[in-house]
Amino acid sequence: MTTSTIGKETPQINALEKVLGKAQYSADFKMGGMLHAKVLRSPHAHARIVRIDTDAARALPGVHAVLTGEDTPTKMTGIHHKQHRILATGKVRFIGEEVVAVVAEDEETARDAIDLVRVEYEELPVVLNPDQALQKGMIEVHEGSGNLACQYNVVRGDVDAAFARAALVHEDTYETHSQYPGYLEPMATLAWRTSDGRVNVLTSTQSAFLARMRLADALELPVSKVRVIQATVGGAFGGKTAEECNSLICAWLATRAERPVRFVNSRLEDFLGARSSPPERIWLKMGVDKDGIIIAKEVNIIAECGAYEGLAGHVLQVSTVRSDNMHRYLKDVRLHSKLVYTNAPPRGALRGFGGPQASFALNSHITVMAEKLGLDPLEMMKRNAIKSGETSVHGFQIGSSGLSECLEQVSEGIRWSEKKQRPKDQGVKRRGIGFGTGIHVSGNREMGNWDGSTVIAKMGTDGRVVLLTGESEMGQGAYTMLAQCVANELSIPLSHVTVLPTDTDMSPYGHGSIASRVTILAGNAAIKAAREVRSKLFAIASEKLGVPEDELDLNNGEVFVKSAAPNRKIPFSDLARLHIYREGGEGLHVTSTYDPPTFQALATPEQYGNVAPGYSFAAQATEVAVDTETGQVELLETWVSDDCGKALNPLAVHGQSCGAAVMAIGWTLYEHLQYDDCRLLNGNFADYTMPTADSVPWIRSGIVESNEPNGPYGAKGASETAMVPGAASIANAVYDAIGVRIKTLPITPEKILAALRDKQDASHA
Amino acid sequence: MREFDYLEPNSIAEASEMLAAHSDNCRMMAGGTALMLALRQRMVSPTHVISLRNIRELRGITYDDRLGLRIGALTRHSELAGSTLTQKYFPMLADMASRLANPQVRNQGTIGGNLCYADPATDPPSCLMALGAQVVLSSTKGSRMLPVEDFVLDYFVTALAPDELVSEIRVPPSSFNSGYHARFLRTAAEHRPLVNLAAAMKKSGDFCEDVRLVAGASTAKPTRLLGAEDYLKGKSVTARVAAEAADIGVSEVEPISDIRGDGEFRRAMLRVVARRTIAGLFGLAEDLPKNVA
């Protein structure tokens, strides 16, 4: 009997490859005749390019090409707004923008050539921040934009009447900062053009097909002339979706150099070129009844996208509306948000995709209001938690919600009912506990009214299966999950399923690994494909054994007759051979697609409707000790629970939850992109301090299985949601410990000491 | 990094000759933790890199009752921390070395390399200075010995002559019977101290007979807190005395301001660290640094 791995702790099928150092990342690949690229980046936040002198660089031995923006295709590129060419032309809009590219025999020569390029700039006034950007008469980052990239206005119900009914109304402003994706592998690409004019691009990506679409568009080529091959991805976290420019520049250079070109970002370059998350200032006004039920909500967000809009507009949409959907009684909302251009580096997609920003504000706010009402904040969060079968204020049909259960798990874990009774610490170090909650989509119908996923399953004549998918394995466990589903359906060992990295020439089309969509969408597609393979096996077996298909079952790589004596069985290998070697036969392969019953709300002004086939929830409880003399926050314990519907692989879910919690901790306490007039000051890992093993507590991750009706075996996404509640849980714990509320991230020792001083001054006044 | 010639001398004399021959653009390499980063980022582009790895005289730790501890310049931090001699005679030094930076740096970086780099954001210089350590500089011309305070001159500047290398560090026998090197990280995710304070103490009960206090990391070069030392000497140390000593001490430093921390924040933290360290050495504070005798 082959044991299914569904629901069992399963090491990732590609883990050995990675830990043995055998996995090949983009920067590992070499080709005959390969050249190396480097770019010169803008030293100015906002400047007109007056003149570029490349003569000296061109004259350097070993240099093959020195190219500027004027050499690039004239087609503009971008996500929603097409805003820039492959290299800057006319003017530069941020420090780090790519201005000149060099292709040379080796990387050092390319770097030498870069040093020889002279660019004359005429500096322009710099748009430093969103407030300044929106002032009348301010210079525009993009002509005619008024520095406004996009805005959302969503009104439901009668929010003024709801506020009038409220027992308590509270308003405040919160600020969040930008976070660098911090993947282990900086962006790297190898590209080459073949003699038929096709451009081949091997790169680190979350979506080979979105990359192909973008590259074909920018290079003004038919999509079939571009082939994107996914190398092993060393982490992505949103940063390798469709905004980074490493692959774009490299693909173009390959068309100019007529030799393979490899372009590897150093970490310093990656800091300058990567899209970090958008900083947001969130004004929040909420009305609750006497029992803490949230009945009215008004939100006003100013978010900064920096020099180019990219995906930041989509991120802002999430910050604007998504957190409302956690609250079952909320019917009346007024939401307004603006995305503003500045000359900061462009912002974009990052794990949680706008959710962490909103959650920080919302859960801080709930905790303040609970205290004002004399309620336990945990109780207030639970009372408002949406339930399975309910439809939220924005039309999300919540097939499954384990939000209350998540809150129960983390509060029991941290022993809230016991610890909340203890007297407040009065010494130098004071402990406190805080909670946060979060919601995330599993899939999001936002592109061309299709949010499907296709899996091709091919059974070889040995009865083993190869899967092709357009979704990306970026370390999160997608391939293991797909293999688990197929192995389970066909009752074969996990090792009999191989999942191939996406190659746009061979794999089925897919949007890729974004919006926590892969488990629920590709998982369903994989199950469907496996069942179709099973039907084909049964059809042949039925013919061969002379029994009706409904008398057949399969196990351990064999089809057998359920009712008959032993030995009435045929191995898959024989059936797969029979599938080919007969008149009119063919290899045993199927193509299956799952497109969920969802609505493309993002394309409508109302932003109303069920955008995802499932919604994941998470809660976190954190206990801190704050040193009142140094302002340092020590994390004593943290518990994070993820309602992922069903943990197909608890080991992977645990890894994702812990990773997400660490990323949230980093964002809240340790990581801080520091700018001086839009110039990044700490673009390196010595000065941009990501969490280390020493700086995080033992993270206890819990799983809630709410059994999503649309999910494969009940599963939903489990990679992003746990990123959402962390910041608020820490901010609330700090407040519980020392009575000061930090409303601007990151929570630094300096801010805590200043707030303590203010509090002391106020009490003496 | 740019190409360079990689040289591996087998003796101090040979290294010194190479240093003299390529003095216009060469770098010595010990553990290489700082140099590799600088090379890769092209912050330095030497024509010659002179590796010291083959010079046996630069290795080893010995102790002599008269001369004290001799630490070969190529001693890795982890070796210094793990040495039974360091642990026995200068536990404060061993303890500092066991906590500095991160495991990767401790296992690769060397004490000599650390001193020659003279990055202020590090722990060994202030700790060694509090213990009265001397740096031995060697060349073909012979050797000279400088106290740490005369070796580390400024932000990334040392007294090393172009043909010299640091061959060893000597820590003289001491009458201190207590001490602690406190390293203050702004957040738990930092690897480099924002502030540190090395306190070497001779105490008898609650009585401070002698003390050396050196503030590091917060200043361009380690700074002796002489006023605070004078104040403490000959006093019975109470919590109030510790606080007063810390107040005096912070008035004696000129803290640096950079993106890692504002000068006044550094001063405020030095005050806390100094008070806690002194109080901790006299058992006056709970939940504070352990007393490493």
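Residues numbered from 1 in each chain as written. Chains lettered and ligands numbered in written order. Predicted model: local features only at pLDDT ≥ 70, side-chain atom pairs only at ≥ 80, totals over all residues. Heavy atoms only, no water.

**Concerning the sheet that holds strand S20 (residues 552–555) of chain A**
All names here are of chain A.
Consideration 1: Strands sit in the order S20-S21-S22 across an open sheet of three strands; the sheet is antiparallel. At either end of the open sheet lies a strand with only one pairing partner, and these are S20 and strand S22 (569–571). If you compare each strand with its neighbour and ignore which way they point, the axes differ by 25° on average.
Consideration 2: Relative to S22, strand S21 (residues 558–561) is paired through three bridges, and the arrangement is antiparallel. Within the sheet, the bridge partner assigned to valine 559 lies in S22 and is isoleucine 570.
Consideration 3: Strands S20, S21 and S22 of the sheet are contacted by helix H16 (residues 572–580), whose axis makes an angle of about 75° with S22. (Pairing = 2+ DSSP bridges. Helix = DSSP H or I, 4+ residues; strand = E, 2+ residues; numbered from the N terminus. Axes fitted to C-alpha atoms, helices over the stretch in contact; angles between N-to-C directions. Contact = heavy atoms within 4.5 Å.)

**Digging into the state of the cysteines**
Residues and elements named next belong to chain A.
Consideration 1: Applying the stated rule across the entire model yields zero disulfides over all chains.
Consideration 2: The thiol of cysteine 406 is unpaired, and the distance to the nearest cysteine sulfur, on cysteine 644, comes to 8.7 Å.
Consideration 3: On the basis of relative accessibility, which here comes to 0%, the residue cysteine 406 falls in the buried class.
Consideration 4: This cysteine, cysteine 658, is not joined by any disulfide, and cysteine 644 carries the nearest cysteine sulfur, 13 Å off.
Consideration 5: We classify cysteine 658 as buried; its relative accessible area is 15%. (Disulfide = S-S within 2.5 Å. Buried < 20%, exposed > 50% of the residue type's maximum accessible area, 1.4 Å probe, protein only.)

**Comments concerning the pairing of strand S3 (residues 48–51) of chain B**
All names here are of chain B.
Consideration 1: On S3, burial covers both faces: His48 and Ile50 on one face and Val49 and Ser51 on the other are all buried.
Consideration 2: In terms of strand pairing, strand S1 (residues 5–7) meets S3 through three bridges, oriented parallel. Note that in S3 the partner of leucine 7 across the bridge is isoleucine 50.
Consideration 3: Sheet topology note: the strand S2 (residues 26–29)/S3 ladder contains four bridges and is parallel. Counted as the bridge partner of arginine 27 is valine 49 from S3.
Consideration 4: Traced from S2 through helix H2 (residues 33–40) to S3, the parallel crossover comes out right-handed. (Right-handed = clockwise from strand over helix to strand, strands pointing away.)

**Here's the deal with the pattern of salt bridges**
Consideration 1: Applying the stated criterion across every chain yields a total of 65 salt bridges over all chains.
Consideration 2: As a salt-bridge pair, arginine 51 of chain A and glutamate 120 of chain A come within 3.6 Å of each other at their nearest N and O atoms. Of this pair, arginine 51 of chain A sits in strand S2 (residues 47–53) while glutamate 120 of chain A sits in strand S6 (residues 118–123), placing them 69 residues apart in sequence.
Consideration 3: Its relative accessible area of 49% is what places arginine 51 of chain A among the partly exposed residues.
Consideration 4: The partner of arginine 281 of chain A in a salt bridge is aspartate 131 of chain A, with the nearest N and O atoms 2.8 Å apart. Taken together, the residues span a long stretch of sequence, with arginine 281 of chain A in strand S13 (residues 280–288) and aspartate 131 of chain A in helix H4 (residues 130–133) at a distance of 150 residues.
Consideration 5: Here the salt bridges do not stand alone but share partners, grouping Glu108, Arg111, Asp112 and Asp115 of chain A together with Arg2 and Arg42 of chain B into one network. (Salt bridge = Lys/Arg side-chain N within 4 Å of Asp/Glu carboxyl O.)

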